[in-house]
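Descriptive structure summary
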Amino acid sequence: MSSLLLGHIVDALGGSLEGGARETAIDRIAPLEVAGPGDLSFLSNPRYQQQLAASRAACVIVAPAMRDAALARGACIVADNPYVYFARATQLWRQCNAPARPSGVHPSAVVDPTAQVHPSATIGPLCVVERGASIGADTVLKSRVTVGEDCHVGARCIVHAGVVIGADGFGFAPESGRWVKIEQLGAVRIGDDVEIGANTCIDRGALQDTVIEDGVKLDNLIQIGHNVRIGKHSAMAGCVGVAGSATIGAHCTVGGGAIVLGHLELADNVHISAATVVTRSLTRPGQYTGMFPIDDNARWEKNAATLKQLHSLRERIKALELALKAA
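Residues numbered from 1 in each chain as written. Predicted model: local features only at pLDDT ≥ 70, side-chain atom pairs only at ≥ 80, totals over all residues. Heavy atoms only, no water.

1. Here we look at the environment of M236
If you trace the backbone, M236 turns up in strand β28 (residues 235-236). Sequence-wise, M236 and A274 are 38 residues apart; in three dimensions their C-alpha atoms are separated by 9.9 Å. Once you skip the residues sitting within four places of it in the chain, M236 turns out to touch K217, L218, D219, I222, I224, I230, V242, I248 and V254. (Helix = DSSP H or I, 4+ residues; strand = E, 2+ residues; numbered from the N terminus. Contact = heavy atoms within 4.5 Å.)

Structure representation (structure tokens):
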């Protein structure tokens, strides 16, 4: 793996190199606590200033407010947003060191003759692209990805191993103790610049399409039900479940293991904490949390039992308040 010069990094990404030489070679990007003399690191949170002082990194990316502290240690790149600069640095590193990914269809992939795959797209080993599906420019399907019939994946998307796009949504009508299948007649439409983590499943719509808008980022092992709509640049962490016909706005985040029940609406800029179960629509931006704090089991059971009695306690308090007003 080849090294990069600090001067090349700054020329490509901007920022101000201070206290160091442009000719310094960077061998890797590493966290502050383990970075060595050939490494580039970053500090995005002032709480870790102590780690900055002790770091052996060749250069550290810092915000303007941390410039003096970083210079006291050694070389630094001063950038308005160190975390974003670090992200751009990882992209630059990948571009300079990763082997070129050939576009085209792997010999083991199966692409239906009616599917449309852009010439610049990459279809990896053992992928399946079914009848009428389309894959946009510069999109990469890693291995074992399935894109169901009539589903669309936009440009510059990354779809990781094991993803299934366009399986049937979970739709059944009860009749005399049995289930009658509701055929899923919609598809899935995925916008541009979307990334989908390994083994995530996005179900096709029952009548209308399931829609993932531009810039959405989905982690591994996420379930997106039929007819869900996710707005632009929203992001979800691993093991999130979104039930059918839920609508999630733009620039939302959903923490790992959270659940959004079906037919609910989340406004733009709603942020759901990990392990929260969303049971009602959220019409105002903000952070929402529904976790019950962890405790030793005996105390947890007592607290849970108390919660069950909150309604009756509330009614008793109301009655006492009325009695006091009448006295």
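2. Side note on the nonpolar core
Membership of the largest hydrophobic core comes to 45 residues, with the highest contact counts inside it found for I165, I190, I224 and M236. Looking at this core, the elements with two or more residues in it are β21 (188-190) and β34 (270-272). Residues in contact with I224, not counting those within four places in the same chain, are C201, I202, D203, T210, I212, L218, I230, M236 and V242. By size, the runner-up hydrophobic cluster in this structure holds 17 residues, among which are I26, F42, A79 and W93. (Core = buried A, V, L, I, M, F, W, Y, C linked by side-chain atoms within 4.5 Å. Buried < 20%, exposed > 50% of the residue type's maximum accessible area, 1.4 Å probe, protein only.)

3. Let's talk about the sheet that holds strand β7 (residues 75-78)
Taken together, the 5 strands give an open sheet; going across it, the order is β2-β7-β6-β5-β4, and neighbouring strands pair in mixed fashion. Two strands bound the open sheet, and with one partner strand each, they are β2 (16-18) and β4 (28-29). In terms of strand pairing, strand β5 (residues 39-42) meets strand β6 (residues 59-62) through 3 bridges, oriented parallel. Residue pairing across strands places F42 opposite I61, the latter belonging to β6. Set on the sheet, helix α1 (residues 6-13) makes contact with β2, β5, β6 and β7; between it and β7 the angle comes to about 10°. (Pairing = 2+ DSSP bridges. Axes fitted to C-alpha atoms, helices over the stretch in contact; angles between N-to-C directions.)

4. Here we look at the environment of I196
For I196, the location among the structural elements is in strand β22 (residues 195-196). A relative accessible area of 1% means that I196 is categorised as buried.

5. Concerning the UniProt feature "active site" (unreviewed entry) in the protein
Here the UniProt feature "active site" (unreviewed entry) sits at H226. Along the chain, the position of H226 falls in the loop between β26 (223-224) and β27 (229-230). Aside from chain neighbours lying at most four places away, what touches H226 is G169, F170, G171, Q184, D203, R204, G205, A206, T210, G244 and S245. Here the side chain of H226 touches Q184 through a polar contact of 2.7 Å, side chain to side chain. (UniProt positions renumbered as here; feature names shortened; annotations may be inferred. Polar contact = N/O pair within 3.5 Å; in protein donor to acceptor, adjacent residues only side chain to side chain.)

6. As for the packing of α1 against helix α4 (residues 82-97)
Look at α1 against α4: their axes get within 11 Å of each other, and the N-to-C directions meet at 115°. Taken together, α1 and α4 sit at an angle that is classed as roughly perpendicular. In this structure, α1 meets α4 at a crossing whose hand is right-handed. Counted together, H8, I9, V10, A12 and L13 of α1 and Y85, R88, A89, L92 and C96 of α4 form the full contact between these two elements. The class makeup of the residues in the contact of α1 with α4 is 8 nonpolar, 1 polar and 1 charged. (Parallel < 35°, antiparallel > 145°, perpendicular 65-115°, else oblique. Left-handed = near helix turned anticlockwise from the far one by under 90°. Nonpolar A, V, L, I, M, F, W, Y, C, P; charged D, E, K, R; others polar.)

7. Regarding the side chain of T139
By the secondary structure assignment, T139 is in the loop between β13 (134-135) and β14 (140-141). Exposure remark for T139: the relative accessible area of 0% places this residue in the buried category. Within the local environment of T139, its side chain forms a polar contact with the backbone nitrogen of C157, the two atoms lying 3.0 Å apart. In contact with T139, other than residues within four places in its own chain, are A121, T122, V153, G154, A155, R156 and C157.

8. A few points about the pattern of salt bridges
Applying the stated rule across the entire model yields 12 salt bridges. Among the ionic pairs, D209 bridges to R189, the shortest N-O distance being 3.1 Å. In this pair, D209 sits in the loop between β23 (201-203) and β24 (210-212) while R189 sits in strand β21, placing the two residues 20 residues apart along the sequence. Using a relative accessible area of 28% as the deciding quantity, one classes D209 as partly exposed. (Salt bridge = Lys/Arg side-chain N within 4 Å of Asp/Glu carboxyl O.)

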